[in-house]
Amino acid sequence: MDDFNLANSPIRILLVEDNPLDADLFRSYLALANMAMPHVAVAERLAEAIRLVQAEEFDVIFLDYKLPDSEGVESLARLKAKIPHVPIVVLTGLDDDQKGLDMVLHGAQDYLVKDRVNESILWRVLRYSIARKLTEARQREFEERLREAQRAESLARLAGGIAHSYNNLLTSIMGNTSLVLGNIAQTDPNREFLREIQKAAKRAAVLTNQMLTYSGQCRGTLAPVELGEFVTRMAPFLRTVREGDGPISYGVEPKVFVQADVAQLQQLLVNLVENAQEAVAEQTRRGIPGRVEVAVSTVEITQTRVLSGPGEHGTLTPGTYARIAVTDTGTGMDEATLLKAFDPFFSTKFTGRGLGLASVLGIVRGHRGVLHVRSEVGKGTTFLILLPVLAATDIPGEEEESSSAPLDGRGLMLVADEESLVATVTRKILERYGYTVQPAANPTSIAKLVARHRGEIICILVDCGMLKDPATFVRDTLEQAPNSGILLTSDSEELPLDLSPFAGRVAYLRKPYLPRELMHRVQSISGCGGGQPDA
């Protein structure tokens, strides 16, 4: 209730007063005040007042300073313990400024001397009390949202940190497994076990990618994507998602381009359609038919808007956006569910479901988009994804596919990685395929080795985690070693810098990587080749 409509909307008042004459006088002042007649409950004892506040909701409480079973600060403290967010106005027959100040310091909204109270004073006190209650409620809501945002940010950082460590371990596992496979006969029965280790490591890499996606640190390999064509190609697969009994209809606007990672868009769409199909299936089991619709269109945003309500994430700035909408007529969600819907492993079905909607939010964040969910219990849900459209001038023509290069090489390479396991397996892989490898501990060590082996180094492999400023490192190193290539590695799919100014002399490789991927990337910037590896 806003303070300006106090005259039209009745409020609920609890009067804690043991003197019936004072209680009647209080009611008469309320009747004379310019307000809708409030509901007034009267308690003659503090114990009775406590029972009332536990059973009913009140907008404001007027508390007599001296009661038969309690007095002063003690009465105030006991009431506030039960209703901390309801304003309490203390009434007294004594004009004592020190007592009044003491009560206000202990949390009272105001302190009124009974023989000075009239309808005007009551109007003012009630108006200020309600305004204070509303302001504090809004402040608590803001603080709760801030805490939720901070918790989500902390969880995203944790997920990103864990994924970073896992990717380093997986690089070592996958690399060493491939090296062993290359050293044993095709008929060796242990090859089957090693292949299973490789498969498990690749699946673990998918999970770490989901964690990076949730944290918003993974934007993928970005390329122009025509959303209408993309959704049309996905349609046959979407019919096979879990519990996909309900029909799926499509409405796509042609020629809507975004800069996106196709694999992540596939993951986003599958997760949303699967979620929608499950909601429809719940209704179907109750005999209520349902449907799912996937739509692609554009929308023009004319003013900045911060989306921070239940089911809202991101900031819209003026411009044209591609709009992906996944709508179902299923069970819907209430506000409490919406507030938790994007938490990792949250599910209304059973515990430990996974990172489905959390990954969706991470993908949207990674593509600099916004997400808005509209839902009503029993009437269905719509997930709206808005991504910046790609201007026509930014859509490149098709490029010819380059031929594959041989993988074996020769020459001196520098390898620097903050994780010793990764540095070791990378050295072993490179040495196996013909390179001489010199380890480097940090960027300073790289600079010294470049100066010592000037003209001999064909490629420098360095982990971006060791670099404060990758762009500066690349420029300075290429100036000192103009005939060397640089291969940057990291567990993020987002390039650490724009590679276009370096004319193929700098490449990027995401962890975890297999030996074949490493050799292809080294080959592309070093120019040395030979035969094919065994694994």
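Here, every reference points to the structure presented above.
Residues numbered from 1 in each chain as written. Predicted model: local features only at pLDDT ≥ 70, side-chain atom pairs only at ≥ 80, totals over all residues. Heavy atoms only, no water.

A. Structural context of the overall build of the protein chain. Counting its regular elements, the protein chain contains 14 helices and 21 strands. When each of the 535 residues of the protein chain is scored for burial, the buried share is 46%. Expressed as a percentage of contacts within the protein chain between residues at least 6 apart in sequence, the contacts between residues at least 24 apart total 72%. Accessible area of the protein chain: about 26800 Å², with a carbon and sulfur share of 51%. (Helix = DSSP H or I, 4+ residues; strand = E, 2+ residues; numbered from the N terminus. Buried < 20%, exposed > 50% of the residue type's maximum accessible area, 1.4 Å probe, protein only. Contact = heavy atoms within 4.5 Å. Areas by Shrake-Rupley, 256 points an atom, 1.4 Å probe, with all protein chains shown as cover.)

B. Region of interest: the packing of helix α2 (residues 46-55) against helix α3 (residues 72-82). Interhelical geometry of α2 versus α3 gives an angle of 15° and a closest axis separation of 10 Å. The pairing of α2 with α3 is recorded here as roughly parallel in orientation. Our pair here, α2 against α3, has a crossing hand that is right-handed. Seen from α2, the contacting residues are Leu46, Ala49, Ile50, Val53 and Gln54; seen from α3, they are Ser75, Arg78, Leu79 and Lys82. Considering only residue class, the contact of α2 with α3 consists of five nonpolar, two polar and two charged. (Axes fitted to C-alpha atoms, helices over the stretch in contact; angles between N-to-C directions. Parallel < 35°, antiparallel > 145°, perpendicular 65-115°, else oblique. Left-handed = near helix turned anticlockwise from the far one by under 90°. Nonpolar A, V, L, I, M, F, W, Y, C, P; charged D, E, K, R; others polar.)

C. Geometry of the packing of helix α7 (residues 227-238) against helix α8 (residues 262-285). Look at α7 against α8: their axes get within 11 Å of each other, and the N-to-C directions meet at 55°. When the interaxial angle is binned, α7 and α8 end up oblique. The element α7 and its partner α8 pack so that their crossing is right-handed. On the side of α7, the interface is formed by Leu227, Phe230, Val231, Met234, Phe237 and Leu238, while α8 contributes Val262, Leu265, Gln266, Leu269, Val270 and Val273. Its residues assigned to classes, the contact of α7 with α8 shows 11 nonpolar, one polar and no charged.

D. Spatial organisation of the environment of Pro247. Locating Pro247 in the fold gives a position in the loop between α7 and β9 (248-252). Put simply, Pro247 and Pro289 are 42 residues apart on the chain and 9.7 Å apart in space, counted from C-alpha to C-alpha. Residues within four places of Pro247 in sequence aside, it is in contact with Gly290, Arg291 and Val292.

E. A look at the environment of Thr208. Positionally, Thr208 belongs in helix α6 (residues 190-214). The sequence separation of Thr208 and His164 amounts to 44 residues, and the corresponding C-alpha distance is 7.9 Å. Leave out the neighbours within four places in its chain, and Thr208 touches Ala163, Tyr166, Asn167 and Leu170.

F. Just the pattern of salt bridges, in detail. Summed over all chains, the structure comprises 16 salt bridges. In this structure, Glu293 engages Arg291 in a salt bridge whose closest nitrogen and oxygen atoms are separated by 3.8 Å. The partner of Lys511 in a salt bridge is Asp417, and the shortest N-O contact between them spans 2.8 Å. Residue Lys511 is found in the loop between β21 (506-510) and α14 (515-526), and its partner Asp417 is found in the loop between β17 (411-416) and α11 (420-432); the two are separated by 94 residues along the sequence. Of the two residues, Lys511 and Asp417, both sit in the buried class. Several salt bridges share partner residues, and in doing so they unite Glu17, Asp22, Asp64 and Lys114 into one network. (Salt bridge = Lys/Arg side-chain N within 4 Å of Asp/Glu carboxyl O.)

G. Representation of the side chain of Thr177 within the structure. One can find Thr177 in helix α5 (residues 119-183). For Thr177, a relative accessible area of 8% corresponds to the buried category. Apart from residues no more than four positions distant in its own chain, Thr177 is found in contact with Leu194, Ile197 and Gln198.

H. Just the pairing of strand β3 (residues 60-64), in detail. Among the five residues in β3, five count as buried, and that is most of the element. What you see with β3 is no split at all: Val60, Phe62 and Asp64 on one side and Ile61 and Leu63 on the other are buried throughout. For strand β1 (residues 12-16) and β3, the ladder comprises four bridges, and the chain directions are parallel. Looking at β3, one finds that Leu14 is bridged to Ile61. (Pairing = 2+ DSSP bridges.)

I. The sheet that holds β3, seen in detail. Across the sheet, five strands lie side by side as β2-β1-β3-β6-β7; this open sheet has parallel pairing. Looking at strand neighbours, the two that pair on one side only are β2 (39-43) and β7 (110-113), the edges of this open sheet. Pairs of neighbouring strands in the sheet enclose a mean axial angle of 20°, with direction left out of account. With five bridges connecting them, β1 and β2 associate as parallel partners. Opposite Leu15, over in β2, you have Val42 as the bridge partner. Packing against the sheet, helix α1 (residues 20-32) makes contact with β1, β2 and β3, and its axis sits at approximately 155° to β1. Here α2 sits on the sheet in contact with β1, β2 and β3, set at roughly 140° to β2.

J. Spotlight on the sheet that holds strand β18 (residues 435-439). Ordered in space as β18-β17-β19-β20-β21, the five strands form an open sheet in which the pairing is parallel. With partners counted over all chains shown, the strands left at the sheet margins are β18 and β21, one partner each. Each strand of the sheet is rotated relative to its neighbour by a mean of 20°, with strand direction disregarded. In the sheet, strand β20 (residues 485-490) pairs with β21 via five bridges, with the strands oriented parallel. Looking at the pairing, Leu488 lines up with Tyr508 of β21. Contacting β17, β18 and β19 (457-463), helix α12 (residues 443-452) runs over the sheet at an angle of about 175° to β19. Strands in contact with helix α13 (residues 470-480) are β19, β20 and β21; relative to β20, the strand with the most contacts, it is inclined by about 155°.

K. How the structure looks around the packing of aromatic side chains. Across all of its chains, the model carries one aromatic pair by this definition. Taking the centre distance of 4.8 Å and the plane angle of 65° together, the rings of Phe26 and Phe62 count as edge-to-face. Taken together, the positions of Phe26 in helix α1 and Phe62 in strand β3 put the pair 36 residues apart, joining distant regions of the chain. Look at Phe26 and you get buried, because its relative accessible area is 5%. Sitting over the face of the ring of Phe58, Arg12 holds its NZ or CZ atom 5.8 Å from the ring centroid. (Phe/Tyr/Trp six-rings, centres within 6.5 Å; stacked < 30°, edge-to-face > 60°. Lys NZ or Arg CZ within 6 Å of the ring centre and 35° of its normal.)

L. Molecular detail of unusual backbone geometry. Here Lys511 and Pro512 are connected by a cis peptide whose omega angle stands at -10°. Position of Pro512 among the secondary structure elements: in the loop between β21 and α14. Positive phi values are uncommon outside glycine, yet Arg368 reaches one of about 55°. For Arg368, the location among the structural elements is in the loop between α10 (356-366) and β15 (370-376).

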